[in-house]
Amino acid sequence: MFSDEIVDLCISNAETYYNYLKEHKEDSQRRVGVKKIVCSEDRSSNIELHLKERLYNTEDLLFSVGDALYTSSEIRPVNYSNTCKILYISPKDELKSVLLNCAVGECFILSDTLYLIKRYIDWYKKQKETLWVPALPSKRPCFSHSIFECSSDRDFSEEQFECIKTALTSPISYIWGAPGTGKTRYVLSECVLKYLGNAVIENSYILICAPTNVALEQTLYGILEVIKEMDVPLNRILRLGIPSDDFSAAYPEVCEIAGIEQALFILRQERDDLMSEYRRAEMLSRKIVLLGELQSTFEKLKCSFEISNESQNIRKQALETIRKECAQLERSETQIDTELCPILAEHAITEKKMKEPKAFISRMFKGGYYEELTAKLGVERSMISMLRTKHEETSGKKEKLIAEIHSIEKKLNDNTEEKSLKTDMHKVLSNFNLEFPGTFDIHSMMKLDTAEYIENVTLRVSEMMSKTGEESANIEPIYIIQEKIAKIDKKLDACEKNDVSHRMEKAGIIAVTADSFVARFSLFSECKKQPVHIFLDEAGYCSLEKTLPLLYFNCPLTLLGDHLQLPPINTVPSGLKNDTVLWSLPSIYCEDLFDLYFEELLLKFQKLAPPSFLDMPYKALTATYRFGSNISDILSEFIYTECGFQSAENASKTKIVVIDCKYKRAPSPNKPGEFLKKGNLGEVNGICKYIQQYRPEDFAVLSPYRNQTALLDSCLKKAGFDTDDRVLTVHKSQGR
């Protein structure tokens, strides 16, 4: 067929499938009730939805809350625990309260295949508008044959080595292998390791695809175990989409959301540590500044105190001198009094003599006696006047000195200045204690005299300056810490915006389901890097309709799988199978799609004819390490006919037990009077009876149908058996 015919056929097939499901919604839509809604304990920003039933598909979920319907862009699924039946979600902020306040019975999860098919219709129509021409890959991998001449640390069988060589040298190839033949752990993982060791991967990435989440995770489990053994950093791998809880717990750094949450947790921790360091550096810097100011202030206060102290000393010296002078003046007064007393006594006698008759007569007759007394009296009066004047002068000086003594003593006894100085010190230390509480015991220090106060503080400040300086020397400068915080803030901003495109540009391996590849195609088409090689695992279960978008990049494509197991799911009735053939044929028919006319392809589909494999290399892995020779012989005879399928030489035999059960229809638990499709109660009872009787230590029960596994799970639980990861569909058991 021509390329434009293929695109039209894809659109036509998808529209036919869509219209059928639209008319038969019971075949496309599944509604799962929510029994409890709580904030997640281990994921504080997320919410847990505890479901009444298990989810079979976590892609294209819708959330019915009350009368409103929300998409996965509004309520984002983070991961899913199939064992606990818990879906972890991250709703928009405005929807958190809506969910947490929602009554039980008003919240449901809807899974509708219609949305998935509509997405394929829109994708093909958009590519048709852009004139995209689908074609089989023409580019060969970048490896030469010489790379396979190098010895490997891993022990490969000849078949596995040939498969690796074919995948890494062909534009397109198909690696077939039954369970346990090493498709994933040996062939695919070795191809991935070869690329990771090649420089070409720096500007591109390996794209690993699978048809379902379960298949994708089983593929990744096999690859990641090998990658870890080879010490390859897991942050080079990105798994897009919603992981299971087990996978998210095992490899959080690989998961799209869980990886971001882990990165956010680590970045926030780093930021918290840096902020603590920043606050400490800022505190120490502030402390050094304040200690410097404190030191400077106390130097001034100390200087003031010393000046004040010196003044007091001067006053004391002056007081001593003045007191000495005052004592000298007192002695002078005493001396003057001593000299004055006899003169006064003599003067009194002279005055008495002047009043006697003898003196009067002598005066009258101008005798010499009177004149002699008069002269003596004059001398005495002159001496008395002189001494009294001298006494008064001495007393005046003494009074002035006494007043000065009182003034100096008052100043010496006045401690107002010292109190003021202490108050200033108290204020300074109190202000320091406000920022650094408990540094100074001001109450105790106030009891000290001023000199001890100053000496105590000065010594303490000096010690603190030294200690703070040493602490600061062990911390990076504030501007460097600020630069680191700014860098982390940028990373946090990118993570908080869920910048998947940024992670894709750094990834060496990107893993995605085929449906998610189409749903998020813009991420891949707008990415600066393009895939260097695409590996599609479980290719036999992936339809052509889902495979063709992988041809967009024209890079090497390797298909791996077992087409002899389950075919792709197509739920349309047989009358519409021809019109939806691209949903029924697996990816391994991609060569026939381009080489044959539509009628020829349809005839091949109707006759269940195998693919042509004309130009597309087909390599087989025929030795299984999982089954014993007896089971492998049965599978070789009835399933893997003409494939040469066999057990590996070192594999032991497997015990085979056949339980003969009569068919018994199982009543529907939700629709009274109706019966479950593809549910056989006879087989369920037979298996439960066998397990109860023989009680194996470890067992698993597989069934191709979900309804049957639900019946088995319920029956075994009632019998007291733990069924977690033991009752599985055949598809879900792939790779285990």
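Relevant structure appears above.
About the thresholds
Residues numbered from 1 in each chain as written. Predicted model: local features only at pLDDT ≥ 70, side-chain atom pairs only at ≥ 80, totals over all residues. Heavy atoms only, no water. Pairing = 2+ DSSP bridges. Helix = DSSP H or I, 4+ residues; strand = E, 2+ residues; numbered from the N terminus. Axes fitted to C-alpha atoms, helices over the stretch in contact; angles between N-to-C directions. Contact = heavy atoms within 4.5 Å. Expected span 1.5 Å × (residues − 1). Buried < 20%, exposed > 50% of the residue type's maximum accessible area, 1.4 Å probe, protein only. Patch = residues over 30% accessible without salt bridge, like charges linked within 9 Å, V, L, I, M, F, W, Y side chains within 5 Å. Areas by Shrake-Rupley, 256 points an atom, 1.4 Å probe, with all protein chains shown as cover. Salt bridge = Lys/Arg side-chain N within 4 Å of Asp/Glu carboxyl O. Lys, Arg positive; Asp, Glu negative; His and termini not counted. Charge placed at Lys NZ, Arg CZ, Asp CG, Glu CD.

**Q** What's the story with the sheet that holds strand β7 (residues 107-112) in this structure? I'm lost.
**A** One open sheet accounts for 7 strands, arranged β4-β3-β7-β1-β2-β6-β5; its pairing is antiparallel. Looking at the sheet topology across the chains shown, the edges are occupied by β4 (68-70) and β5 (75-81). The mean angle between the axes of side-by-side strands here comes to 35°, regardless of whether they run parallel or antiparallel. Direction of pairing for strand β2 (residues 47-51) relative to strand β6 (residues 86-91): antiparallel, over a ladder of 4 bridges. Across the sheet, residue Leu-49 finds its bridge partner in β6, namely Leu-87. Of the strands in this sheet, β1 (29-39), β2, β3 (61-65), β4, β5, β6 and β7 touch helix α2 (residues 93-100), which is tilted by about 140° from β6. Along the sheet, helix α3 (residues 113-129) makes contact with β3 and β7, crossing β7 at roughly 40°.

**Q** Sorry if this is basic, but what is going on with helix α13 (residues 450-473) here?
**A** Structurally, the α-helix is built with 3.6 residues per turn, so residues lying three or four positions apart point the same way. Here α13 spans 34 Å end to end across 24 residues, near enough to the 34 Å set by a 1.5 Å rise per residue. Inspection of α13 places Thr-450, Tyr-453, Ile-454, Val-457, Val-461, Met-464 and Thr-468 among the buried residues, and these make up the whole buried set.

**Q** What is the right way to read the environment of Ala-135 from this model?
**A** Among the structural elements, Ala-135 can be located in the loop between α3 and α4 (158-167). For Ala-135 and Cys-590, which are 455 residues apart along the polypeptide, the C-alpha to C-alpha distance reads 9.5 Å. Look past the residues within four positions of Ala-135 in its chain and what remains in contact with it is Leu-551 and Phe-594.

**Q** Looking at this structure, I do not really get helix α1 (residues 3-23). What am I missing?
**A** A rise of 1.5 Å per residue sets the reference length of α1, with its 21 residues, at 30 Å; its end C-alpha atoms lie 31 Å apart and thus fit the reference within 8%. Along α1, the positions that sit buried rather than exposed are Ser-3, Ile-6, Val-7, Leu-9, Cys-10, Ile-11, Asn-13, Ala-14, Tyr-17, Tyr-18, Tyr-20 and Leu-21. Close packing links the buried residues of α1 with α3, α18 (544-547), α19 (581-584), α20 (590-595) and α21 (598-606).

**Q** How should I be thinking about a positive patch on the surface in this particular structure?
**A** Together, Lys-487, Lys-490, Lys-491 and Lys-506 make up a positively charged patch on the protein surface. Considering every element that reaches the positive patch, the biggest residue donor is helix α14 (residues 478-496), with 3 residues. Within the secondary structure, Lys-490 sits in helix α14.

**Q** For this particular structure, what's the right way to read the sheet that holds strand β13 (residues 557-561)?
**A** Sheet strands line up and pair through hydrogen bonds in the backbone, either parallel or antiparallel. If you walk across this open sheet you meet the 7 strands as β10-β11-β9-β12-β13-β8-β14, and the pairing is parallel. A single partner strand is all that each edge strand has here, and the edge strands are β10 (237-239) and β14 (618-621). Strand-to-strand twist in this sheet, taken as the mean axis angle between neighbours without regard to direction, amounts to 20°. With respect to the sheet, α4 is in contact with β8 (172-177), β12 (530-536), β13 and β14, its orientation differing from that of β14 by roughly 150°.

Coordinates in, geometry out; function isn't part of it.
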